[in-house]
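# Chains, contacts and geometry: an overview
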Amino acid sequence: MQVLITTAIAVATMLAYAVPGFLTVKCKLIKPESISAFSVVLMYVCQPMLTITSFLNAQFSLNFFWQMIVAFVLAGVLQLGVIIIAYFCLKKNYDKDIKYRVATVATAFGNCGFMGVPLLQAIMPEDVRNNAVVLSVMFLLGLNLIGWTFASYLISGDKKFISAKKAFINPAMLGLVIGLPLFICGAKLPTEIFTCVELLGKMTTPLCMIILGMRLATITFKEMFCSPFQYAIVGVKQILMPLLGLILIWFIPIDFYIRQSLFILAATPVASITLNFAEMLGKGQKTAANLVLLGTILSIITLPLMALIMNAVPDIYAIK
């Protein structure tokens, strides 16, 4: 019950950050066409800083490093597997409506960074909390490798996005290239620099939710809540995907908290990065916004439910 309450409070707190964004657009202080500029700041500035901060706060060990690699592989397999299944289910409709292209991406991409990090910080035990947050970076790395290539191609319809350059030269990789060596070497940044990096990293969740609030102000109640198709996509992402992940990860001999963390990360709502990509590519923004907003709102139900399932599954490797 405590996990249920903690998760619900954490999700509700994050949703509250959307209110200022909603009000600034409704009061015409910010124009809807300016929203994409905030997305650029989020992806190119705040997200890399969050990655670096996550590495600097964790404790390196060889065992944990190898488990990080396992977590990255598992996260990548899960996300790529789901997006490929969705691709074959929906591709026949791609020429009819852009919403099917965006929905394909939404089935597999969860808000594992912007919502996953504060969620893990809220519900994981203190002794493993920092390491659990690093796992969100592994999950996010797989998401970005797919997102800046295959997912960008799906949304835009342009095959130029499927390239090694796009996969390895992007904001997520920048944070990894800086943060991972510091993590392995146990190096620390000067206090003043670390404070700056940490502050920018902590801006990710509030800024992400503010952007969602801005976009919420531009759509109607009917567009978001009256589409069975959108509920189906959210259900695949926030219920079916974590349950598939549960089957994939639970019987692999890695530390129990790592399996728990990966399960929660798989259960995070439709990723705001889906909207960010749509904003930058200039296609499918409304569908992406509807799915992200609907998924985020429904996560106040789905995430506590998944947390209860996580808490109910025993650590089979601890059973003698």
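Nothing here was measured: the structure is a model prediction, and the numbers come from that model.

## Overview of the overall build of the chain
- Assigned secondary structure in the chain consists of 16 helices and zero strands.
- Its C-alpha atoms put the chain at 55 × 45 × 40 Å along the principal axes.
- Counting only contacts in the chain whose residues sit at least 6 apart along the sequence, the fraction spanning at least 24 positions is 84%.
- Looking at the chain as shown, the accessible area adds up to about 13800 Å², and 70% of this sits on carbon and sulfur atoms.

## Some words on the packing of helix H11 (residues 204-216) against helix H16 (residues 285-312)
- Where H11 contacts H16, the axes come no closer than 10 Å and their chain directions differ by 115°. As H11 runs across H16, the sense of the crossing is left-handed. Contacts between H11 and H16 involve Met 209, Leu 212, Arg 215 and Leu 216 from the first element and Ala 289, Val 292, Leu 293 and Thr 296 from the second.
- For the contact of H11 with H16, the class distribution of residues is six nonpolar, one polar and one charged.

## Concerning the packing of aromatic side chains
- Overall, the coordinates contain eight aromatic pairs when judged by the stated rule.
- Judged by centre distance (6.0 Å) and plane angle (55°), the rings of Phe 60 and Phe 65 are tilted.
- Chaining the aromatic ring pairs together yields one cluster made of Phe 55, Phe 60, Phe 64, Phe 65, Trp 66 and Phe 183.
- Sitting above the plane of the Phe 229 ring, Lys 99 keeps its charged end 4.8 Å from the centroid.

## What about the nonpolar core?
- In this structure, Phe 55, Met 68, Phe 109, Phe 139, Leu 262 and Leu 291 are the most contacted members of the largest nonpolar core, which totals 95 residues.
- The element that contributes the greatest number of residues to this core is helix H7 (residues 129-156), accounting for 15 residues.
- Not counting chain neighbours up to four residues away, the residues in contact with Phe 109 comprise Gln 79, Ile 83, Leu 143, Ile 146, Gly 147, Ala 151, Lys 237, Pro 269, Val 270, Ala 271, Ile 273 and Thr 274.

## So, the state of the cysteines
- Per the stated rule, a full pass over the model turns up zero disulfides.
- No disulfide involves Cys 46; its nearest neighbouring cysteine sulfur is the one of Cys 208, lying 10 Å away.

## With respect to the packing of helix H5 (residues 98-106) against helix H13 (residues 228-249)
- Running from N to C, H5 and H13 cross one another at 20°; their axes reach a closest spacing of 9 Å. Classified by the angle between their axes, H5 and H13 sit roughly parallel to one another. In the packing of H5 onto H13, the handedness of the crossing is right-handed. In this structure, H5 uses Lys 99, Tyr 100, Ala 103 and Ala 106 to contact H13, whose residues at the interface are Phe 229, Ile 233 and Lys 237.
- A per-class count over the contact of H5 with H13 returns five nonpolar, no polar and two charged.

Rules used in this analysis
Residues numbered from 1 in each chain as written. Predicted model: local features only at pLDDT ≥ 70, side-chain atom pairs only at ≥ 80, totals over all residues. Heavy atoms only, no water. Helix = DSSP H or I, 4+ residues; strand = E, 2+ residues; numbered from the N terminus. Contact = heavy atoms within 4.5 Å. Areas by Shrake-Rupley, 256 points an atom, 1.4 Å probe, with all protein chains shown as cover. Axes fitted to C-alpha atoms, helices over the stretch in contact; angles between N-to-C directions. Left-handed = near helix turned anticlockwise from the far one by under 90°. Nonpolar A, V, L, I, M, F, W, Y, C, P; charged D, E, K, R; others polar. Phe/Tyr/Trp six-rings, centres within 6.5 Å; stacked < 30°, edge-to-face > 60°. Lys NZ or Arg CZ within 6 Å of the ring centre and 35° of its normal. Core = buried A, V, L, I, M, F, W, Y, C linked by side-chain atoms within 4.5 Å. Buried < 20%, exposed > 50% of the residue type's maximum accessible area, 1.4 Å probe, protein only. Disulfide = S-S within 2.5 Å. Parallel < 35°, antiparallel > 145°, perpendicular 65-115°, else oblique.

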